[in-house]
Structure formats: C-alpha cells, structure tokens
Amino acid sequence: MATLNNRQILLGVTGGIAAYKSAELVRRLRDAGAVVRVVMTRAACEFITPLTMQALSGNPVHRELLDETAEAAMGHIELARWADLVLVAPASADFIARLAHGLADDLLATLCLATDAPVLVAPAMNQAMWRNPATRHNCGVLAQRGVDLLGPGSGSQACGDTGPGRMLEPAELLAAVASRFAPRNLDGIRVMITAGPTREALDPVRYISNHSSGKMGFAIAAAAAEAGAAVTLVSGPVHLDTPARVARIDVSSAMEMHEAVMSRAAQCDIFIACAAVADYRPEHCAGQKIKKSTERMEVRLVRNPDIVADVAALESRPFTVGFAAETTDVVAYARGKLAAKRLDLIVANDVARGDIGFNSEFNEVCLISATDTTELARGTKAQIARALVAAIGARFREGNPAAGEAS
Ligand code: C5P
C-alpha cells in the first residue's frame, strides 16, 4: 500500500482493552510505509506498555503534556504540526467526550486541538456506553466538526456483552487511513444519495415499512465525502450517525423523499439511489388510530413515484446510479431495471443471503452498466462503499472529463 510512503501518522492510544490491537496497527502502518509516532494516555498504559509501542514504532512514546524533556524535543505543538494525520485507536468514551468538549487536559487531547491534520477516531467501548445518549451526542458533535469516526464494529465484547462498540480491525483502520491519502476522485463533485427505508403511514401510529438499515447508503455517503465530494444524504428513518462532512436531510415517507430529491436533483452531478423506497403507500392515512372491529380489514394501496426513474428522466439529469436488491436471478433483474429506469449504472445485491445485505455489516455486489458487469468482492459495507465510489467516480469522469474543475 504505497499511498502511505513517508506519511507521518500520529497514533493516539487511549484506555481500553482494544489497545492490544493498536500494537498490530503500528506494525501495519509501518509496513505500508508510514512513519509512526505514538501518544498514549495514562489509562492506555494500564493496558499495553509504552515499551511495546516504542519497539514497534521505532520512536519514543509520548505520554505527558507537561514534561520538560519532551517539550524540548517533541512537545505537543511540534507533534500537532508533525502529523499528516492523527488516528486515535482505540478511542474510549471518555476521550470522545473530552474531544467533543475541546478539553486540553492531557497530551493527546491537547494535540488534537492544536493540529490542522485530519483527525480520525476509532471508538471502542462497551455497547451500553456506545448507545448512551451522551456518547451519541458527542459523536454527532465530532462528525459535524469533520472528525471521521471509524466504526465501531459490532459483535462479542471483552466484557461479555454483544453489540456495537468493538474497535475496527487493524486492516480496516489501515484502509481508512490509506484512503485519506489516496487521490480524491470526487473533488468538486456534488453527490446526492438516498438511504434507509421509508415509512408509509396507515394512521397516526402505524406504518408500512421494510428492514433496510441504511448502512450501505450511509457508508457510500462517508466514502463519497472521503473522496472529496460535497455530499447530500436524504435519509429515511434509521439509527445511524451522520458521517463527517455530509449534509443530511431526514424524511419519512416516499413522497417526502421524492420531494427532497427532486427539489435538489438539478444541483447534483451524481445521484445514487440506495434507499429501499416503499413501492406503495396507503391511499388514505386515517386521521385517528384505526380501531379493531371486523375480522378482515382491507387497505387500498397506491403506487409511490419511482424516485430514481424520475431523476433519470430529467432533461438535465445527473449521472444516475440505482440499486437492485433481489432474491433470485439477481443480475438479470438488475439489468432489466437498468434499462427500464434509464440508469447509468446499477448495483445488484442478493438479499436472500443472510450473511450479506439487509442489516448485515457485510455486502457483496455487482456493478452493472449497459455494456459490462463488474463483481466487487465480499467486504464490509465501508470497503464495498469505497470500491463503489471509486468505480462510480471513474465512470462519471469518463463521460464528464472536465467535471469538478471549476468548483
Ligand atoms: O424497482 P426497485 O424498487 O427494485 O428498484 C430499486 C432501485 O430504485 C433502488 O435504487 C431504489 O432506491 C430505487 N427506487 C426509487 N423509488 C422508488 C422505488 C425504488 O428511487 N419508489
């Protein structure tokens, strides 16, 4: 991974059991050509020794803010200036809170405040701490400020719990760091993405919806922002944090999503329709909660507008990409939709499989154009999203060689 050659990476390690993975991360960063300096908080040193990190990074480990010898050699301001990128992995709930509040009470928090370099944070904590509204709020503040939150992953935790809060694996963190230095193929390009399900109201308390989690669309939004695009994310109801540098518009129903998209479609260069939009909505939404009385009840449904097809039908249309979630004959159905909706590209995925797709952290997709089909290998949604954004950006530029230059 030559993109990290001589890149100066400052790795911050805070107090969490995932700190043992940071040792492996240092190895991987160095193998990729990076120069690594490690800053550890006091709590981090309870989990892994500075000696280990010094041996692996080949540089002295920095620990104290007010240390005469350190300040003379590489103090907090020098470290902040030295870094091409700051990665905090693992980032504890406490550190995320301190960063969100702009505290400068130890070396790591201080240099995060002082640096102009991008700051990437890989949260690692117990699932209840991750779900806590205080942590959710702090992460939102950081994302708004342009701090990239990498993960966390979900699964079994050292404390015995299961859920979100596991630090991403070193290989995933390395890929995220490398992508920050990769050529940005969407610089100056405006991208709009739809994500998540829609809710079609039956009455004030009930609705028809689907199992879409929004994870794929949010991952694409994050990858597009990472690639330099100005991203607008039109999202149905989901439980996901807004990625850094992404403008999010929340909607509920397909009609609301249609309106949000159509009113902005003329101002975007690429439109990626990732949302699982309900095809039908109840013809009437009852004003009051429907009472049960009869044994049978009929609800008449009417067709929703097809958002991606409507965008593709615009006279001055953006480069338009759809998704096809299928359970059988995936590629054949996707090809049919590509033609019927007049799309430039369609991403096909098999939602019958339990190991990928809806609600899973993983996906495996095929990118189909009128002339060819490209299979993207199974990966996390973040990995697939980066590959998709790279491929979509390349196809878009083939047709618009000068795009983005004036912006
Ligand atoms: O026809 P189908 O729903 O399978 O097509 C899926 C693609 O069309 C996805 O890109 C989805 O976001 C988009 N779509 C849409 N508006 C609809 C239905 C689907 O934009 N009403």
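Computed from a predicted model, the values in this text were never measured in an experiment.

Draft legend 1. Local environment of the environment of T232. As for its position among the elements, T232 is in strand β11 (residues 230–235). Between the C-alpha atom of T232 and that of D94, which follows or precedes it by 138 residues, the distance is 31 Å. Non-local contacts of T232, meaning those with residues more than four positions away in its chain, are made with V191, M192, I193, A247, I249 and R264.

Draft legend 2. Layout of the pattern of salt bridges. In the structure shown here, the tally under the stated rule is 20 salt bridges. Of the charged contacts, one joins K337 and E326 as a salt bridge, the two residues approaching to 2.5 Å between their closest N and O atoms. Of this pair, K337 sits in helix α14 (residues 330–340) while E326 sits in strand β16 (residues 319–326), placing them eleven residues apart in sequence. On the basis of relative accessible area, K337 is assigned to the partly exposed category, the value being 28%.

Draft legend 3. Quick look at the site of the ligand. Around the ligand, the surrounding shell consists of A273, A275, V277, D279, P305, D306, I307, V308, G322, F323, K337 and K341. Burial of the ligand by the protein chains amounts to 86% of its free accessible area of 450 Å². If you list the elements that add at least two residues to the shell around the ligand, you get α13 (307–312) and β16. Classifying every residue of the shell around the ligand gives seven nonpolar, one polar and four charged.

Draft legend 4. Spatial organisation of the sheet that holds strand β3 (residues 85–91). Read across the sheet, five strands follow the order β2-β1-β3-β4-β5 without closing on themselves; strand pairing throughout is parallel. Single-partner strands in this sheet number two, and they are β2 (35–40) and β5 (148–149). When β3 meets strand β4 (residues 119–123), the two strands line up parallel, connected through four bridges. Of the residues in β4, the one forming a bridge with V86 is V119. Here helix α6 (residues 93–100) sits on the sheet in contact with β3 and β4, set at roughly 140 degrees to β3.

Draft legend 5. Local environment of the packing of aromatic side chains. In total, this model carries one aromatic pair according to the counting rule given. Both rings, one in F319 and one in F396, keep their centres 6.0 Å apart while their planes meet at 75 degrees; by these two values the pair is edge-to-face. Separated by 77 residues along the polypeptide, F319 in strand β16 and F396 in helix α15 (residues 381–399) bring together distant segments of the chain. Its guanidinium or amino end placed over the ring of W82, R37 lies 5.6 Å from that ring's centre, counting from NZ or CZ. Between the NZ or CZ atom of R136 and the centre of the ring of W130, over which it lies, the distance is 4.2 Å.

Conventions and cut-offs
- Residue numbers run consecutively from 1 along every chain, following the written order of its sequence.
- Side-chain atom pairs in this predicted model are given and counted only at pLDDT of 80 or more, local residue features only at pLDDT of at least 70, and totals for whole chains, interfaces and linings cover all residues.
- Side-chain numbers come from the whole structure's heavy atoms, not from hydrogens or water.
- Labels follow the DSSP assignment, with helices taken as runs of H or I lasting at least four residues and strands as runs of E lasting at least two, numbered in each case from the N terminus.
- When checking whether two residues touch, look at their non-hydrogen atoms; a contact exists if any pair is within 4.5 Å.
- Any Lys or Arg side-chain nitrogen located within 4 Å of an Asp or Glu carboxyl oxygen qualifies as a salt bridge.
- Only protein chains enter the area calculation, which uses a 1.4 Å probe; residues under 20% of their type maximum are buried, those over 50% are exposed, and those in between are partly exposed.
- Proximity is defined per residue: if any heavy atom of the residue lies within 4 Å of a molecule or strand, that residue is considered near it.
- All accessibility values rest on the Shrake-Rupley procedure with a 1.4 Å probe; residue burial counts only the protein chains present in the view.
- In this count, Pro and Cys sit with the nonpolar residues alongside Ala, Val, Leu, Ile, Met, Phe, Trp and Tyr, while Asp, Glu, Lys and Arg are called charged and the others, Gly among them, polar.
- A strand pair is defined by DSSP finding two or more bridges across the two strands.
- The convention used is that axes are lines fitted to C-alpha atoms, helices contributing only their stretch in contact, and that angles between N-to-C directions extend from 0 to 180 degrees.
- Working definition: a ring pair exists when centres of Phe, Tyr or Trp rings (six-membered ring for Trp) sit within 6.5 Å. Plane angles under 30 degrees give stacked, over 60 give edge-to-face, the rest tilted.
- Comment: the charge-over-ring label is applied if NZ (Lys) or CZ (Arg) is within 6 Å of the ring centre and within 35 degrees of the ring normal.

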